[in-house]
Every structure is written in structure tokens, then in C-alpha cells.
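Structural overview
Read off the chains here:
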Amino acid sequence: MLSQESQKQIDREVAKYPAEQKQSAVMAALAIVQMERGWLSNEIIEAVANHLGMAPMAVYEVASFYNMYDLAPVGKYKITVCTNLPCALSGGVHAADYLKQKLGIGFNETTADGRFTLKEGECMGACGDAPVMLVNNVRMCSFMQPEQIDRLLGECQ
Amino acid sequence: MGALGFILDAAEGERSWRLAEYVKRGGYAALKKIVSENIPPENIVAELKKSSLRGRGGAGFPTGLKWSFMPRQFPGAKYVVCNSDEGEPGTFKDRDILRWNPHMVIEGMIIAGYAMGCARGYNYIHGEIWDIYKRFEEALEEARAAKLLGDNILGSAFSFELQAHHGYGAYICGEETALLESIEGKKGQPRFKPPFPASFGLYGKPTTINNTETFASVPWIINQGGEKFLELGKPNNGGTKLFSVSGHVNRPGNFEVPMGTPFPELLALAGGMRGGRKLKGVIPGGSSAPVLPEEIIMECTLDYDSIAKAGSMLGSGAVIVMDETTCMVKALERLSYFYFEESCGQCTPCREGTGWLYRVVHRIEHGQGRPEDLDLLNSVTENIMGRTICALGDAAAMPVRGFLKHYKAEFEYHIQNKKCLVPEDVQRAGSGFFKVA
Ligand SMILES: Cc1cc2nc3c(=O)[nH]c(=O)nc-3n(C[C@H](O)[C@H](O)[C@H](O)COP(=O)(O)O)c2cc1C
Ligand code: SF4
Ligand code: FES
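Residues numbered from 1 in each chain as written. Chains lettered and ligands numbered in written order. Predicted model: local features only at pLDDT ≥ 70, side-chain atom pairs only at ≥ 80, totals over all residues. Heavy atoms only, no water.

**A word on the site of ligand 1**
Residue and element names in this part refer to chain B.
- Gly57, Lys66, Asn210, Asn211 and Thr214 are the nearest of the 18 residues found near ligand 1.
- Contact with the protein chains covers 89% of the free accessible surface of ligand 1, which is 610 Å².
- Here the shell around ligand 1 takes three residues from strand 4 (residues 207-211), the largest share from any one element.
- Its residues assigned to classes, the shell around ligand 1 comprises four nonpolar, eight polar and six charged. (Near = heavy atom within 4 Å. Areas by Shrake-Rupley, 256 points an atom, 1.4 Å probe, with all protein chains shown as cover. Helix = DSSP H or I, 4+ residues; strand = E, 2+ residues; numbered from the N terminus. Nonpolar A, V, L, I, M, F, W, Y, C, P; charged D, E, K, R; others polar.)

**Details of unusual backbone geometry**
Residues and elements named next belong to chain A.
- Going from Ala130 to Pro131, the amide bond is cis rather than trans, its omega being -10 degrees.
- The residue Pro131 is located in the loop between strand 3 (116-121) and strand 4 (133-135) in this model.
- Its identity as a non-glycine residue notwithstanding, Asn108 has a phi of 65 degrees, on the positive side.
- As for its position among the elements, Asn108 is in the loop between helix 6 (92-103) and strand 2 (109-110).

**So, the packing of helix 16 (residues 373-384) of chain B against helix 17 (residues 392-417) of chain B**
Residues and elements named next belong to chain B.
- Interaxial distance between helix 16 and helix 17 falls to 10 Å at its minimum, and their mutual angle equals 170 degrees. As far as their axial angle goes, helix 17 and helix 16 are roughly antiparallel. Along its contact with helix 16, which presents Leu374, Leu377, Asn378, Thr381, Glu382 and Ile384, the element helix 17 presents Gly393, Asp394, Ala397, Val400, Arg401, Leu404, Lys408, Phe411, Glu412 and Ile415.
- Residues of the contact of helix 16 with helix 17, tallied by class, amount to eight nonpolar, three polar and five charged. (Axes fitted to C-alpha atoms, helices over the stretch in contact; angles between N-to-C directions. Parallel < 35°, antiparallel > 145°, perpendicular 65-115°, else oblique. Contact = heavy atoms within 4.5 Å.)

**Thoughts on the sheet that holds strand 5 (residues 240-247) of chain B**
Residues and elements named next belong to chain B.
- Within the open sheet, the five strands sit side by side as 6-5-11-8-9. Their pairing is mixed. The sheet is open, and its two edges are formed by strand 6 (253-258) and strand 9 (292-293), each paired on a single side.
- Along the sheet, helix 5 (residues 93-100) contacts strand 5 and strand 6; its crossing angle with strand 5, the most-contacted strand, is approximately 120 degrees. (Pairing = 2+ DSSP bridges.)

**Quick notes on the interface of chain A and chain B**
- Tallying the contact residues gives 53 residues for chain A and 66 residues for chain B.
- Of the roughly 4,600 Å² buried between chain A and chain B on both sides combined, carbon and sulfur atoms contribute 59%.
- Summed over the three residues of chain A that lose the most area to chain B, namely A:Lys16, A:Leu89 and A:His94, the buried surface amounts to 15% of that side.
- Taken together, chain A and chain B are joined by four salt bridges.
- The shortest N-O distance in the salt bridge between A:Glu61 and B:Lys187 comes to 4.0 Å.
- Applying the counting rule to chain A against chain B returns 25 residue pairs in polar contact (both at pLDDT 80 or more).
- Among the secondary structure elements, those contributing two or more residues to the side of chain A that touches chain B are helix 2 (26-37), helix 4 (56-65), helix 5 (85-88), helix 6, strand 3 and helix 7 (146-155) of chain A.
- Looking at which element gives the most residues to the side of chain A that touches chain B, the answer is helix 2 of chain A, with five residues.
- The residue makeup of the side of chain A that touches chain B, split by class, is 29 nonpolar, 17 polar and seven charged. (Buried area = accessible area lost by both parts, 1.4 Å probe. Salt bridge = Lys/Arg side-chain N within 4 Å of Asp/Glu carboxyl O. Polar contact = N/O pair within 3.5 Å; in protein donor to acceptor, adjacent residues only side chain to side chain.)

**What about the environment of B:Val360?**
- On the secondary structure map, B:Val360 appears in helix 15 (residues 348-365).
- For the pair B:Val360 and B:Lys78, spaced 282 residues apart in sequence, the C-alpha separation works out to 46 Å.

**Overview of the site of ligand 2**
- By nearness alone, 13 residues border ligand 2, and B:Cys344, B:Gln346, B:Cys347, B:Cys350 and B:Cys390 come closest of all.
- Looking at the shell around ligand 2 residue by residue, the class counts come to eight nonpolar, five polar and no charged.

Function-wise, these values are silent; they only describe arrangement.
Right, dumping it as C-alpha cells:
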């Protein structure tokens, strides 16, 4: 179930920890497979568990505890907007409203063509760059005024 | 960026994070001196104590004292852990430190390993900053290749290995024992203390956890001496400190200034109030610090003691500036939602209490508040504070108290008039988001 490339990446993570602490790599392993597959199905969670010698339930607990894992399918582009107070003071909530209007969806919804999912995020540690949003957990976009948002949506094909 | 400090000062430009650039700025001189002169570990701890460096992660605990708690004679594995999980709303300094000067943190952690007899370390990096995590991994590779990390560092008998651990979106993992659980591959739920990490930490071994900025301060202290560091700031508040200024200012960003700098000077560095509007209140130390109204904050200096005397906390140095276009009820509603969302749910007072706080502030904001709600809020905070495993409970309660203490009239207005003192379009204009959706 795990691709060779994923296994290779996971094993690199395992090597960061003491030999008897393979479980420490579970967060990275879930991130790696999610990056490859878009979301975490029960089957893939079980595959990660087998690979790391963990109980599937223990892996599931981790996957459901941390906000950036997706336990259900999301659009090709998941956009998470920070609406916490420091960002809100500089347009974070308005940027989210603008996105909702442009995409015709609310938070935790996906556009009909499967292209975009919108999420509400908490502080990303980038409050000086508000409004900020994160695309697919890896690409942080700063100072997202309407013009920048339009451009971002255009790039996400 | 401030030109008064030493962490971000010289580190500007796209290449500043590279090892060669760091060495050009005098980097790794402290480590070289320590291993080549075989400096006794206790001298390093003594120097830190002299410096009066206090933890930059929020609690302000004296770093030298913390390091002295580590059992030096303990025979097994011991760990050094860096907390770069920066998730306290308003705080964005550690991201810039890792972005522009990761080697300074690495050097600080290696020195910590030497001083406390640890052979391994981890840096736990906030989930949302993937590019910074990748950069840190690259910086580690550079350090390994230059024999600054690994076996027999710089040809000495001292060995130290350091790795990065990437978080994945849980504010609670900033709490040090939740962070350790998370590295162990579990849900990030805080542990009961005691035992403290110095005796039972990562994998049950003695562990010291410090914030990114704390570690970044260490090489300078070794190079220049603890006394000099103390002189940069003021007594009991050594050094310079990074302040993350966000909200209604013209130039949000990080500013590195001496401890004890008057607040108005920091505000000026951040370009002053956006659109020249009037200052309403400031949250001086991250979202859990009680808000202070203009007339109080303008008289404060930026150090642990002055802000504490004013009834708040310096915390992580996250300064959230709010002008007259801010609805204080809405501001508190958003913060209360955050703590409710991020409570790990282990303790009943926190799990239930944060939900109560959010629901009550939410109904006040939405015109359904009742006159008895303000007393209710106060009593809920009383039932949370001091009754939980970790400090998130208190962190959720303190802002409620601060807002009610200083802006009670605004809450009462909402309850009586079922609407906000500040019209919606004024709030929007204040946010500076230009196109009306
Ligand atoms: C809910 C909660 C969140 C925290 N978040 C952070 C954080 O993001 N970064 C940090 O350095 N410390 C954070 N702390 C404080 C840590 O528990 C710990 O005190 C700190 O990392 C110690 O480092 P220092 O002594 O260098 O400040 C948090 C504490 C609590 C209770
Ligand atoms: S105080 Fe809240 S966040 Fe902390 S351990 Fe208890 S329930 Fe979890
Ligand atoms: S509040 Fe949005 S990044 Fe911090």
C-alpha cells in the first residue's frame, strides 16, 4: 500500500530517533503519505501502522488529533485561512469572506469540480504578514489582498 | 527588523541563513572556544545565570537555573529540546529567527548539549511553516558536513546529534510536556507535573526544553559574557528581546530591542498607528496575556517586571495592537473560540470551561447576551484557573478577565443594545482589506 518513495522517506524519518522509538516518526509518516495521496484513508493509516510496528488505533489517534491531517477527501487545493485575532485585525476574516464568495463555498466545503477546499485555520506564526493562508499545508501565502487572492486562485489549476 | 539586537540584526538577505554567512558574522566562535579550551560545563551555566537570561517562550523562567536542574551525573541518555512550535496568536518571532539565522539556534543547542551532558537534541518546528522546517534540515546538513554536529565535534571528545521534528497543527504542543508526547509519536496531551522534564522528559529521560529565541541568545552570552548581556537590558531582565508587533500598525513585524524599552518607542518602530487612528488597547504578550488600555500601556516599559506590574504579562513578546475600530467583544470572542478549539480535553474545567466562555461571549457578540452573563463569565474563569493540568486553562481565562476589567462598558452596551458600539463598516475599514466582498 505504501509506495516505495513514501517508504524511503519514512525510513529517513525513522532514522532520526533512537532505534527503539520508531513510533516517533508517525507524524512525519502520516504527513508523507497524505502529501502523496491527498488524504488519509483507514487503509493507509493501517499501512503506516504496519510499517512502524504500531497498533492502527494508535496511528488513528495521532491522525485525528492534529489539525493538518485530513481524514476525508479534500479538493486538489486545500486553502487554510488564518482568522485568529491578530490576522483578523489586518483583514484575515475579510479575506476568508472574499474567498468564500469567489469559490461559492463555506469553511470545510469543497467546490463541485473538486478543485478547492476551504478551511479556517488558527495562528500560523505569521501574523505580521496578514492576511495569510496556507495551500496544501506547505505553501504559505502572505499579504493576501484581493488582487493576490485572485492571482493565487488563477495559479491553482 | 531592529538594529539594536544581535539575533536578527546582521542576518538579512536571502543567503544570511547559510553556514558560511553565519561564520562570517562570527558564528560558531562560542562553540569553538568551548570545545578547544575544554571549558567546564558549570562555567557555562554560571555565565547564563549571570546574564539573567529568562526563557523567551512565555513563562520567563531563568535559563541558567533551568539548566542547573539537569542531573549532571545521570548515566543514561539525556535530551535537549528546542520549542519552535510558536502558535500563540500574535507570536511570529521564532519563524524569523529560523528563517534568517538557524545556525544561531543550532549553535545554542549544541552548547546546551555540552553544558548539560546531552548527546541528542530535537527541534520541534510548528506545522504550518514547512519551508522553514526544510531550511532548518538543510542547515543541519551544513553543520554536519562541517563537523559542528555529530561525533567528535571539531575533533574534540564531545559528540552531539540534532534533528528536526515537524509538528502538524496543534497549539497545545507548544506546552512543553505535550511537545514531548508529540515527539514520542502520541497525541499532544500535557503530562502531570511533577515529575518535571529535568527528571522525566523525552522517552522518560532527563530533558531540558527551551524556546528558539532562548537558545539563539546563548552563543552571544558565551562570546561577550553574561554581564554584558545583562547590561543590554535592565536588572532581572537581561538582554534584548524580539517583539512581534501585529494588528493596527503601519509596519507590522519583528523588532529586537533592549529589555526595558518604553512601549511608545516600539510602537514608533512599527510605524505608528495605521491611518493615524487612536490606540484603544494592546495585548502585550501573546493572546493569553490580559489586554491593557492605551493609558496604561503607553506608560509601560517592555520587560517582565513592568508589564506584570501593569497587570499583564510579557509572555512571548507578541504585541497585538488594536485601534478604535476594534470591537472588543468580537476580539475576545475570537480568542475564546481559539482556546475552546485547542483545549486537548483532558481536564474537565478546561474542556467544559473553554466551551462555556466561548458560548457566552459568542451570544453577547450576537445580541443575545443577558445581564447576568458578565458575572457568569467571571465565575467560569474562577472555576478554570489553577485547576488544570497545564496552563492552557489559565491562558483561556486570563484574556476574559482582562477584557472585562478594562472594557466592561462595551460588553454591557452589547447586552443592552444587542449591537456593537463600532459599526461593521468601520471595523472593516480598520482591517485594511480593500475590496468589499
Ligand atoms: C498552552 C501553552 C502553549 C505554549 N506554547 C509555547 C510555544 O509555542 N513556544 C514556546 O517556546 N513555549 C510555549 N509554551 C511554554 C512552554 O511550555 C515552555 O515553558 C517553554 O518552551 C520553555 O522555554 P523557555 O524557558 O526558553 O521559555 C507554551 C505553554 C503553554 C501552557
Ligand atoms: S488545561 Fe486544557 S489543554 Fe491543558 S491539559 Fe487540561 S484540558 Fe488539556
Ligand atoms: S494570527 Fe494569523 S498567523 Fe498568527
